[in-house]
Structure formats: C-alpha cells, structure tokens
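Examination of the molecular architecture
Residues per chain are reported as follows:
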Amino acid sequence: GAGVSQSPSNKVTEKGKDVELRCDPISGHTALYWYRQSLGQGLEFLIYFQGNSAPDKSGLPSDRFSAERTGGSVSTLTIQRTQQEDSAVYLCASSPMRGEQYFGPGTRLTVT
Amino acid sequence: AQSVAQPEDQVNVAEGNPLTVKCTYSVSGNPYLFWYVQYPNRGLQFLLKYITGDNLVKGSYGFEAEFNKSQTSFHLKKPSALVSDSALYFCAVRPPSFSGGYNKLIFGAGTRLAVHP
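Presented here is an overview of the structure given in this document. Quick caveat: nothing in here was measured; it's all calculated off a predicted structure. Residue positions are counted from 1 within each chain, in the order its sequence is given. Chain labels run from A onward and ligand labels from 1 onward, assigned in the order the entries are written. Under the rules for a predicted model, residues below a pLDDT of 70 receive no local features and side-chain atom pairs below 80 are neither given nor counted, while totals for whole chains, interfaces and linings still include all residues. No hydrogens and no water enter the side-chain calculation; it runs on all heavy atoms of the structure.

1. So, the overall build of chain A
Only runs of H or I of at least four residues qualify as helices and only runs of E of at least two qualify as strands under DSSP, and these elements are numbered from the N terminus. Broken down by element type, chain A carries zero helices and 11 strands. Using C-alpha atoms as the atom set, the radius of gyration is obtained and then compared with a globule rule of 2.2 Å times the number of residues to the power 0.38. Its C-alpha radius of gyration of 13 Å places chain A within 12% of the 13 Å reference for a compact globule of 112 residues. Seen through its C-alpha atoms, chain A measures out along the principal axes to roughly 35 × 25 × 25 Å. Burial classification: accessible surface area is computed with a 1.4 Å probe over protein chains only, and a residue below 20% of its type maximum counts as buried, one above 50% as exposed, and the rest as partly exposed. By the burial criterion, 49% of the 112 residues in chain A qualify as buried. The contact criterion used is simple: two residues touch if any of their non-hydrogen atoms lie within 4.5 Å. Partitioning the contacts of chain A with sequence separation of at least 6, the portion at a separation of at least 24 is 52%. Split by element, the accessible area of chain A, about 5300 Å² in all, is 45% carbon and sulfur. Separation of charge centres in chain A, based on 11 positive and 11 negative side chains, amounts to 1 Å. For every accessible area listed, the method is Shrake-Rupley and the probe measures 1.4 Å; residues are considered covered only by the protein chains on display. When charges are counted, Lys and Arg contribute as positive and Asp and Glu as negative, whereas His and the chain ends are disregarded. By convention, the point assigned to a charge is CZ for Arg, NZ for Lys, CD for Glu and CG for Asp.

The structure is reproduced here in structure tokens:
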C-alpha cells in the first residue's frame, strides 16, 4: 500500500515569504506527527494530531509556525514570514493508535 | 529532562565484521524504544522496537538491539555488516504516558554508520 507522502519534496523560498508543506498520511492512521531535521542534528518534534485535533503543539518553535489537519487525513504545516533558521527537512509521520510511526520522505526547505 | 544520547557521531566497520551503534536514554519509567535508519535523501525507516519482554529484539535487515534497564541502554547490533548498511541511524524513545510525551518520539542526534569493503 501507499506510504506517507509529502509535497513538495524541495522548496526554496525568500526570507519573509510564507510556505505551506503538505502531508498525506497512510490511510486509516489516526495519528499524525510533524518533525524537523536540521543539518547535522537529530529530529525535533513539532506537533502531534489525533484525528483533527492537536493535543500536543509543544514543539512548535514560534507563533510563525502553525498546522492543521482536515478530515482526519491530510495535514498542512504553515510557516509564516520564513527566516533562514527555518531551513531544514520537515518530516511527517503517521501511525495507527499507539503503533509505530511511519515517516514520509520529507520536504527540504531552503530559505534564502 | 527526557533525552536520548548517541555518543558516536560516526561508526566505521569493515564488511563482514560485527557492528554496534550505541544508545542510552534518560526517561522516567519504562519507555518504548526504537531504532530507525535513514538512507540518503530518504525518510526514516523503522528497524525495530522494544516494548516489553525479551531484552534482545530482532528487527529488519538482520539487525537486533539489546535493552539493558540497569544501564538505560538500547544498543543496535548486527553480527556481520554489509556495505549496504551504510546509513544514518537514529535511536528514539517514546516516554510512558504518566511522564508526558506519550504521543511523540524523542530522537538521538543520529550515528552515521560507514561500512567499508
């Protein structure tokens, strides 16, 4: 079956612009997660969805970051007024309730 | 604070030799433990997990990991390394629900494994 997909695979944007990153989870997975992988660093948790609600947003680094999930499926991570330090690979994962997480290929964001 | 440590940035091993990638964690209670592998320009792939039971867990591609509660470690091992095993390996923990963070993974910084012919 299809895995987690993310789009775009690469995004180059100018500082100050807004960007939207999309995640399509595995069908039937109730939980969805966003992580950020910065160069030379591990993965940093951003936000977790259970269904359409986000009970844990503790990892969002600033109020420029937001995310939503609709229909218990697709999720969008939005970064407003991008800064150079936002450059990273943004990974999405989904899981069944309490199961292991399956990751997408990521979106590489470069802010120039 | 909850954390995962992978003390080695890189591990070098000759093909055919055994390999070990180290991981220690600092989490209250009994967490779930995971290993993931990341190949270049690819997402993370699940290798194996420990929840409870036998301390030696077997996973994909011939990898295994040994849980040691007293040392709070979960080292990844393989008896005979392949060149194709060369990748970035991440250890992760999911804390138990009572300590918070039940719904997220806490990752180590990653260890790059290089297997030489």
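Don't stop here, the text continues.
2. Thoughts on the state of the cysteines
Residue and element names in this part refer to chain A. Cysteine sulfur atoms that pair up within 2.5 Å are treated as a disulfide. All chains considered together, the criterion is met by two disulfides over all chains. For Cys 23, the disulfide goes to Cys 92, at an S-S distance of 1.8 Å. Across the disulfide from Cys 23 to Cys 92, rotation about the S-S bond amounts to roughly -65°, and the bridge is consequently left-handed. On the criterion of sequence distance, the pair formed by Cys 23 in strand β3 (residues 19-24) and Cys 92 in strand β9 (residues 88-95) is long-range, its members being 69 residues apart.

3. Some points on the interface of chain B and chain A
On the chain A side, the residues contacting the 19 residues of chain B number 20 residues. Buried surface at the junction of chain B and chain A, summed over both partners, amounts to about 1500 Å²; 51% is from carbon and sulfur atoms. A carboxyl oxygen of Asp or Glu within 4 Å of a side-chain nitrogen of Lys or Arg is what we treat as a salt bridge. Linking Lys49(B) and Glu100(A) is a salt bridge whose minimum nitrogen-to-oxygen distance equals 2.6 Å. In the analysis that follows, any N or O atom pair within 3.5 Å is treated as a polar contact, provided that within protein one partner can donate a hydrogen and the other can accept it, and provided that, for residues neighboring in sequence, both atoms belong to side chains. Taken together, chain B and chain A are joined by five residue pairs in polar contact (both at pLDDT 80 or more). Where the side of chain B that touches chain A is concerned, the elements lending two or more residues are β5 (32-38), β6 (44-50) and β10 (87-94) of chain B. Under the scheme applied here, ten amino acids are nonpolar (Ala, Val, Leu, Ile, Met, Phe, Trp, Tyr, Cys and Pro), four are charged (Asp, Glu, Lys and Arg), and all others, including Gly, are polar. Residue classes in the side of chain B that touches chain A are distributed as 10 nonpolar, five polar and four charged. Buried area is understood as the total, over both parts, of accessible area removed when two parts are fitted together, assessed with a 1.4 Å probe.

4. Some points on the sheet that holds strand β1 (residues 5-7) of chain A
Residue and element names in this part refer to chain A. DSSP calls a pair of strands paired once it identifies at least 2 bridges connecting them. Ordered in space as β1-β3-β8-β7, the four strands form an open sheet in which the pairing is antiparallel. Each edge of the open sheet is held by one strand with a lone partner, namely β1 and β7 (65-69). Put simply, the sheet's adjacent strands are angled 15° from each other on average, direction ignored. Both β1 and β3 contribute to a ladder of three bridges, which runs antiparallel. Looking across to β3, one finds that Ser 7 is bridged to Arg 22. Lines fitted to C-alpha atoms define the axes, with helix axes restricted to the stretch in contact, and inter-axis angles between N-to-C directions lie between 0 and 180 degrees.

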